Amino acid sequence: MFMYLPFLLALLAVVGIAIGWKAFAYAMWLGTLGVSLWWFAFHATSPLPLSF
Amino acid sequence: MNPSHLSSLRDRPTSAGNVLNVLALLAVCASLGIAFYYQLALGELPCPLCLLQRAGMILTGIGLMMNVRFGVRAAHYGVALAGALATGVIALRQVLLHIAPGDAGYGSTFLGLHFYTLAALSALAAVAGIALLLMLKSWEAPASSPAWKSAGGKLVCLLFILLVAANLASTVLECGGGACEDDPTYYLLLGK
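What counts, and at which threshold
Residues numbered from 1 in each chain as written. Chains lettered and ligands numbered in written order. Predicted model: local features only at pLDDT ≥ 70, side-chain atom pairs only at ≥ 80, totals over all residues. Heavy atoms only, no water. Contact = heavy atoms within 4.5 Å. Buried area = accessible area lost by both parts, 1.4 Å probe. Salt bridge = Lys/Arg side-chain N within 4 Å of Asp/Glu carboxyl O. Polar contact = N/O pair within 3.5 Å; in protein donor to acceptor, adjacent residues only side chain to side chain. Helix = DSSP H or I, 4+ residues; strand = E, 2+ residues; numbered from the N terminus. Nonpolar A, V, L, I, M, F, W, Y, C, P; charged D, E, K, R; others polar. Axes fitted to C-alpha atoms, helices over the stretch in contact; angles between N-to-C directions. Parallel < 35°, antiparallel > 145°, perpendicular 65-115°, else oblique. Left-handed = near helix turned anticlockwise from the far one by under 90°. Buried < 20%, exposed > 50% of the residue type's maximum accessible area, 1.4 Å probe, protein only. Core = buried A, V, L, I, M, F, W, Y, C linked by side-chain atoms within 4.5 Å.

Draft legend 1. Quick look at the interface of chain A and chain B. Contact residues are listed per partner, giving 32 residues for chain A and 42 residues for chain B. Together chain A and chain B conceal approximately 3200 Å² of surface at their shared face, both sides included; 82% is due to carbon and sulfur atoms. Considering only the side of chain A, the residues that lose the most area to chain B are F7, I17 and W29 of chain A, jointly responsible for 23% of the buried surface there. Applying the counting rule to chain A against chain B returns 0 salt bridges. At the boundary of chain A and chain B, one finds 4 residue pairs in polar contact (both at pLDDT 80 or more). Broken down by secondary-structure element, the contributors of at least two residues to the side of chain A that touches chain B are α1 (5-19) and α2 (22-43) of chain A. With 11 residues, α2 of chain A is the single largest residue contributor to the side of chain A that touches chain B. In terms of residue class, the side of chain A that touches chain B is built from 25 nonpolar, 6 polar and 1 charged.

Draft legend 2. Examining the side chain of Q53 of chain B more closely. Residue and element names in this part refer to chain B. When you line up the elements, Q53 lands in helix α2 (residues 48-70). Of note is the side chain of Q53, whose polar atom sits 2.6 Å from the side chain of Q94. The residues touching Q53, leaving out its near neighbours within four places in the chain, are T87, I90, A91, Q94, F115, Y116 and A119.

Draft legend 3. Fine view of the packing of helix α3 (residues 74-97) of chain B against helix α4 (residues 115-139) of chain B. All names here are of chain B. At their nearest, the axes of α3 and α4 sit 8 Å apart, and the two run at 160° to each other. For the element pair α3 / α4, the angle class is roughly antiparallel. Crossing handedness for the pair α3 and α4: left-handed. Contacts from A74, Y77, A80, L81, A84, L85, T87, G88, A91, L92, Q94 and V95 of α3 reach α4 at Y116, T117, A119, A120, A123, A126, V127, I130, L133, L134 and K137. Its residues assigned to classes, the contact of α3 with α4 comprises 18 nonpolar, 4 polar and 1 charged.

Draft legend 4. Summary view of the side chain of T171 of chain B. Here T171 of chain B is to be found in helix α5 (residues 151-175). Judged by relative accessible area, which is 0%, T171 of chain B ranks as buried. Once residues within four sequence positions are removed from consideration, T171 of chain B is found in contact with M3, Y4 and F7 of chain A together with L51 and G176 of chain B.

Draft legend 5. Structural detail: the nonpolar core. Counting 60 residues, the largest nonpolar core has V14 of chain A together with I58, I62, M65 and F160 of chain B as its most contacted members. Counting only elements with at least two residues in this core, the list comes to α1 and α2 of chain A together with α1 (16-40), α2, α3, α4 and α5 of chain B. In terms of residue count, α2 of chain B provides more of this core than any other element does, 14 residues in total. Beyond its immediate sequence surroundings of up to four residues, I58 of chain B is in contact with F7 and A10 of chain A together with L32, F160, V164 and N167 of chain B.

Next up, the structure:
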């Protein structure tokens, strides 16, 4: 998995919107969201310094 | 009589929804631009969570760009809303990482708040804004054509595309292939 992947997929999405490929843009947006959430899960592993 | 059959209601060249979506996309571009200013002029490279917040703002902008390009639709607002929620969750994680007393936080501040705090607040503002835009969509008659028809609409979309491309290039230079450093200080592919 590459850290630049969300931005690559997002670029494909916005170019798709510009040229009128609606379904392609939706798919690329969904891919961007999925990869971004994957990277978030990868990085959000350490416990938070909270106490109750 | 069904008022939607009255042609005069659908001959509007533009609508408040069209204008507000272009302005909202411009605001997203401004956020991404400010992030680049701190990165390029002040040397503050984005951390992984920072990059993901930028990605979240781009996800929000994609929904707004869909409204500009294809016309205002509830589904496009749904796309923008999902992006704002993702941005908010990621920003909130970073806020909570530094919330303990005595923690100086990460990175610069603006108006006394760190940028991840500002991102969390603007994500909340985006959710509220989209709620209002959805109500506006139901209330007003749609424009005869999307905001893409205007020069301003096209220009803002072009600016957004350029900012997304710049973020791609910046992330490749900073992290190469794979994960980024937690506290980046140099561009991996540039060696400085």
